[in-house]
Number of protein chains: 2
Amino acid sequence: MNPFEEPASTREEILGAAYRALSTHGYAELTIDKIGEEFDKSASLIYHHYDGKDDLLLACLDFMLDRYKRDPLTEEYSGPRAAIEGVCERVLLADASTDHQQFIRTLIELRAQTPHDSDYREHFTRSDRVFRSHLAAIVEAGIEQGEFRAVDPDRTAVMLQVFLSGVFLIYVTSDDDEWMADARAELEAYLDARLYV
Amino acid sequence: MNPFEEPASTREEILGAAYRALSTHGYAELTIDKIGEEFDKSASLIYHHYDGKDDLLLACLDFMLDRYKRDPLTEEYSGPRAAIEGVCERVLLADASTDHQQFIRTLIELRAQTPHDSDYREHFTRSDRVFRSHLAAIVEAGIEQGEFRAVDPDRTAVMLQVFLSGVFLIYVTSDDDEWMADARAELEAYLDARLYV
């Protein structure tokens, strides 16, 4: 699940250090020096490769998106229905690892940069499209394999994306998680009513 | 819809100035001096009343939440179904006024402060609960009046809140709005399948 586990180059080592530093410190507190602390080689190498914090973070986001495009992690599931359930579960399980939560929290912070920074906006526009079309492809496969009804895959995909993004947003920015069980139950009811055969 | 239209005190005038400055400049760029530019009286009055930008913004958010609690804007609708449709429409209409969009954008920025600032987190936890219980009350009324099925109001409320929050997040942080029509159609299909009689 962590695309930085086996870095293939110095560049990937730097991106991994940026990911770890971002998860630890959050966006606002992050500096290139803090990224350097997560990096085994000289921090001057980071300055050599990247123009600054945002340049590096955008490269890190792009790298993660490319890895996701190559390996969307849904191959591990036994079929389209299991894949949809798995994607939802990954978001809705309140006992998700703290590291992962911290990273999602940081994604919200990075999304909050979009009003001022068109590079971030361009990235999130692109990554939203990738996730959406990936979800639509799973729905399409489920229809072909007879697990799902003959729905419009794009519509189901956007519903899931919007719902899961809303869960992320509320979950990481409030102290409350009592609502999560209701959200999960109602999502299942929606999938039963609209998608599953 | 704007709770700052008829300020009843200097304090409310300051909160209105903070709201306007926040909508214009966004969170990161905002200073007390910029709020002063939106304020008819001396900016020193702002420093007299508030300890800083965050103290003032939190007071502004609390004031808006109190106004919303007193007048949730759904009285204007002819019944529970019209109220649910109205709330969804306000979020899903891509031609919403630019001011309102800018304010929502800013709310995402303020939510992004929650990892570092427990006062913001406390506020959003509280405001999420207020909106959720308000939505649940509408659903409950609709069940009583025979417009809705005998669903669990809390579950429907959380689904709507999560969905609308997800729409906000994606809409204001990406350049894309083609997905909006699909989101709207699928939300209607969900409401038809699960809520409306």
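Residues numbered from 1 in each chain as written. Chains lettered and ligands numbered in written order. Predicted model: local features only at pLDDT ≥ 70, side-chain atom pairs only at ≥ 80, totals over all residues. Heavy atoms only, no water.

Caption draft 1: How the structure looks around the overall build of chain A. Within chain A one finds nine helices and zero strands. A globule of 197 residues ought to have a C-alpha radius of gyration of about 16 Å, and chain A, at 18 Å, matches this closely. Seen along its three principal axes, the alpha-carbon backbone of chain A occupies a region of about 55 × 35 × 30 Å. For chain A, the proportion of its 197 residues judged to be buried stands at 54%. For chain A, long-range pairs separated by at least 24 residues make up 68% of all intrachain contacts whose partners lie at least 6 apart in sequence. Within the structure as shown, chain A displays about 8,900 Å² of accessible surface, and the carbon and sulfur contribution to it stands at 45%. (Helix = DSSP H or I, 4+ residues; strand = E, 2+ residues; numbered from the N terminus. Rg over C-alpha atoms; globule rule 2.2 N^0.38 Å. Buried < 20%, exposed > 50% of the residue type's maximum accessible area, 1.4 Å probe, protein only. Contact = heavy atoms within 4.5 Å. Areas by Shrake-Rupley, 256 points an atom, 1.4 Å probe, with all protein chains shown as cover.)

Caption draft 2: Up close: the packing of helix H5 (residues 80-92) of chain B against helix H8 (residues 153-173) of chain B. Residues and elements named next belong to chain B. Put simply, H5 and H8 touch, their axes get as near as 9 Å, and they point 20 degrees apart. Judged on the interaxial angle alone, H8 and H5 are roughly parallel. Where H5 crosses over H8, the handedness of that crossing is left-handed. Touching Ile84, Val87, Cys88, Val91 and Leu92 of H5 are Leu160, Phe163, Leu164, Val167 and Phe168, all from H8. Of the residues that constitute the contact of H5 with H8, the class distribution is 10 nonpolar, no polar and no charged. (Axes fitted to C-alpha atoms, helices over the stretch in contact; angles between N-to-C directions. Parallel < 35°, antiparallel > 145°, perpendicular 65-115°, else oblique. Left-handed = near helix turned anticlockwise from the far one by under 90°. Nonpolar A, V, L, I, M, F, W, Y, C, P; charged D, E, K, R; others polar.)

Caption draft 3: Region of interest: the relation of the copies chain A and chain B. Least-squares fitting of chain A to chain B yields an RMSD of 0.0 Å, with the transformation described by 0.0 Å of translation along the axis and a rotation of 180 degrees. What we have between these two chains is a two-fold relation. When each C-alpha of chain A is compared by its distance to the rotation axis, Gly166 of chain A comes out closest, at 1.8 Å. Interface residue correspondence from chain A to chain B reaches 98%, placing this contact among same-surface, isologous pairings. (Least-squares fit on C-alpha atoms with pLDDT ≥ 70 in both.)

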